Amino acid sequence: MPIDFPGGFLPYAEEWEKRISAFIEWRPDAPEPADAAPDGARVPGIAGLPFAVKDNIAVKDFSLSCGSKLLEKFRSPYSATVVRRLEAAGARVIGKTNLDEFGMGSSTDNSALGRTNNPWDTGRVPGGSSGGSAAAVAAGIVPFALGTDTGGSVRQPAAFCGVVGLKPTYGAVSRYGLVAYASSLESAGVLADTVERCRAVFSVIRGPDPLDETSHGAPAAAPPLYPDAGTGRPAAPGGRIGVLSPEAVARALAAAAKDAGGEGGALEAAAQASVLEEETRRGFELAKTRLSGLGYTLVEVEIPSLKYGVPAYYTIATAEASANLARFDSIRYGARPGYAENPDELVDKAREAGFGAEVKLRILLGTFVLRSGFQDRYYLRAQRIRQGIRRGFEALLGDGEYREKAGLDAILMPVFPSRAFGRGPSSLSAFAQKAADLYTCCANLAGLPSLSFPASVEGGLPVGVQILGRACAEGTLLDIAEAYEKKYPFPHPGGYRAFWS
Ligand code: GLN
């Protein structure tokens, strides 16, 4: 069944798109997919709705550029499992969205195919790397969109644009049809206008997939996704939430910089970059006050090993990226140079012209940390830090090997130290952007689910917070965010109209 666009929607969407350029490919008139839902299989909250897909997730016959010149003309011959499941539930893809090249970045400005603007202030970035998806949802062009989150790429743009962003438990959603950046950290994620919609989309895309060996279903003991669907914990507020205070994190980083003596310069700079700007701190404090007002008990927590989260993340992510991106040789597909003497030169020239600076930097870094004889010094050390961080969260949450312990229901954290930043002089340096991944990348290192939602609007821009939970406890996180949203409805940028109920 074709999508029924409400009167006035297409001009509304096109007007917004002129201002924000969220899409790499915009095709509201795309033909019905072959496995569209028969009427009986249509899922409420999903069926009959359009959605957008980040351009590193495969949709048959659509672009799959990954924001890269190398793949600019490539069209996907098949669809990712997440896309097929949504189509089978009655939803329809109307476009592919802009991203930082291969998902590497925090602003979407690392795309080789254009810039996307933040719907709240078009002089600012939408965040990244799923910036196009977040901007399209925030502007009301689509009620939900798919993104990928390797180190924060769903949650951070969600926070910058004032929408809901879910990074599921590692393996809870199939990665078949995602163009891999760092496979052990990555998850397909949901950007949505409301918590209820986010839950519905997650309920459709999750679950094991024979095409992805790392995918799995939720164990029977996991809290039910829908509170009334089982006997698990009640949806009503009353849980215990740990608060990871940004001050404690900054203190830990500063202490580490001191310990490192003359070699602590980068840690020192990272400590500064992780301090929250005034408005973000206000939003975070407000979220705490509101959550306790809703009946949650808040307790301060600390995870000392978090101070090494960013170096561990960038070591592992670049190592995996250098291996994953080796496939782009422009032999079977991808942009080719006009002339090459021999196949080696063809590959060299294609990669030289096809990849942007950030992608090349990360391939080099990854090759460096993996070079023979040095793995113990970088890669294996990063893996040990990763285990430490995971255990730190599990000890607090009573998960994994700490399952016998009574744990917290969730951990509240900032998403990013600042609100959406600008371009030019008001931008963040490439180093500061990476250091600021601290609050998001630890959920990926730990493999745990995390949900970002708009806490408030400060100085005209949204501030998001995130709650991280036990493995397969997405239901608990959605319950908390839904309680918040019911009392404090999420805001929208000026000019927003709700077309999708
Ligand atoms: N900012 C992070 C990075 O640049 C996030 C990437 C992601 O989640 N895809 O790696």
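Everything numeric here is computed off the predicted structure, so don't read it as measured data. (Residues numbered from 1 in each chain as written. Predicted model: local features only at pLDDT ≥ 70, side-chain atom pairs only at ≥ 80, totals over all residues. Heavy atoms only, no water.)

**Quick word on the packing of helix 12 (residues 379–397) against helix 14 (residues 438–446)**
Step number 1: Across the interface, helix 12 lies against helix 14 with an axial gap of 8 Å and an inter-helix angle of 95°. By the angle between their directions, the pair helix 12 and helix 14 is classed as roughly perpendicular. Between helix 12 and helix 14, the contacting residues are Arg386, Ile389, Arg390 and Phe393 on the first element and Cys442, Asn444, Leu445 and Ala446 on the second.
Step number 2: When its residues are assigned to classes, the contact of helix 12 with helix 14 shows 5 nonpolar, 1 polar and 2 charged. (Axes fitted to C-alpha atoms, helices over the stretch in contact; angles between N-to-C directions. Helix = DSSP H or I, 4+ residues; strand = E, 2+ residues; numbered from the N terminus. Parallel < 35°, antiparallel > 145°, perpendicular 65-115°, else oblique. Contact = heavy atoms within 4.5 Å. Nonpolar A, V, L, I, M, F, W, Y, C, P; charged D, E, K, R; others polar.)

**Section: the site of the ligand**
Step number 1: Surrounding the ligand, one finds 15 residues, the nearest of these being Gly103, Thr150, Gly151, Ser153 and Tyr313.
Step number 2: Between tyrosine 313 and the ligand, the recorded distance is 2.7 Å, taken from a side-chain N or O atom to an oxygen atom.
Step number 3: Expressed as a share of its isolated accessible area of 290 Å², the protein-covered part of the ligand is 99%.
Step number 4: For the shell around the ligand, a count of residues per class yields 4 nonpolar, 8 polar and 3 charged. (Near = heavy atom within 4 Å. Polar contact = N/O pair within 3.5 Å; in protein donor to acceptor, adjacent residues only side chain to side chain. Areas by Shrake-Rupley, 256 points an atom, 1.4 Å probe, with all protein chains shown as cover.)

**Focus on helix 7 (residues 265–273)**
Step number 1: Those residues of helix 7 that sit buried are Leu267, Ala270, Ala271 and Ala273. Along the axis of helix 7, the buried residues cluster in a sector spanning 165°; they form a single face.
Step number 2: Looking at the buried side of helix 7, the elements it contacts are helix 6 (246–259) and helix 13 (430–435). (Buried < 20%, exposed > 50% of the residue type's maximum accessible area, 1.4 Å probe, protein only. Arc of directions from axis to C-beta.)

**Brief notes about the pairing of strand 4 (residues 144–149)**
The side chains of a regular strand alternate, first on one face of the sheet and then on the other.
Step number 1: Of all 6 residues in strand 4, 6 are buried, a share of seventy percent or more.
Step number 2: The alternating pattern of strand 4 places Phe144, Leu146 and Thr148 and Ala145, Gly147 and Asp149 on opposite faces, both of which are buried.
Step number 3: Both strand 2 (residues 50–54) and strand 4 contribute to a ladder of 3 bridges, which runs parallel. Along strand 4, the bridge assignment pairs valine 53 with leucine 146. (Pairing = 2+ DSSP bridges.)

**Topic: the side chain of serine 153**
Step number 1: Looking at where serine 153 falls in the secondary structure, it is placed in the loop between strand 4 and helix 4 (155–161).
Step number 2: Among the polar contacts listed, one links the side chain of serine 153 to the side chain of serine 129, at a separation of 2.7 Å.
Step number 3: Look past the residues within four positions of serine 153 in its chain and what remains in contact with it is Lys54, Gly103, Gly105, Gly128, Ser129, Ser130 and Thr148.

**Side note on the confidence of the model for the protein**
Step number 1: Averaged over the protein, the pLDDT score is 93; the fraction of residues at 70 or greater is 97%.
Step number 2: Contacts for the low-pLDDT stretch residues 230–235, under 50 throughout, to residues beyond four places or in other chains number 9 contacts. (pLDDT = per-residue confidence, 0-100.)

**Points about the sheet that holds strand 2**
Step number 1: One open sheet holds the 11 strands; their spatial order is 1-3-2-4-6-5-10-11-9-7-8, and the pairing between them is mixed. The open sheet terminates on both sides in strands that have one partner only, identified here as strand 1 (23–26) and strand 8 (297–301). Here the average twist between neighbouring strands, direction ignored, is 30°.
Step number 2: Across 3 bridges, the pairing between strand 5 (residues 164–167) and strand 10 (residues 450–458) is antiparallel. Each residue of the ladder has a partner; that of lysine 167, found in strand 10, is serine 450.
Step number 3: Of the strands in this sheet, strand 2, strand 3 (92–97), strand 4 and strand 6 (187–192) touch helix 2 (residues 81–88), which is tilted by about 160° from strand 4.
Step number 4: Along the sheet face, helix 12 touches strand 8, strand 9 (410–414) and strand 11 (461–468) and points at about 125° away from the line of strand 9.

**Regarding the side chain of serine 129**
Step number 1: Positionally, serine 129 belongs in the loop between strand 3 and helix 3 (131–138).
Step number 2: A residue is classified by how much of its surface remains accessible, and serine 129, at 1% relative accessible area, is buried.
Step number 3: At a separation of 3.4 Å, a polar atom in the side chain of serine 129 contacts the main-chain carbonyl oxygen of glycine 103.
Step number 4: Residues within four places of serine 129 in sequence aside, it is in contact with Lys54, Asn98, Leu99, Asp100, Gly103, Met104, Gly105, Thr108 and Ser153.

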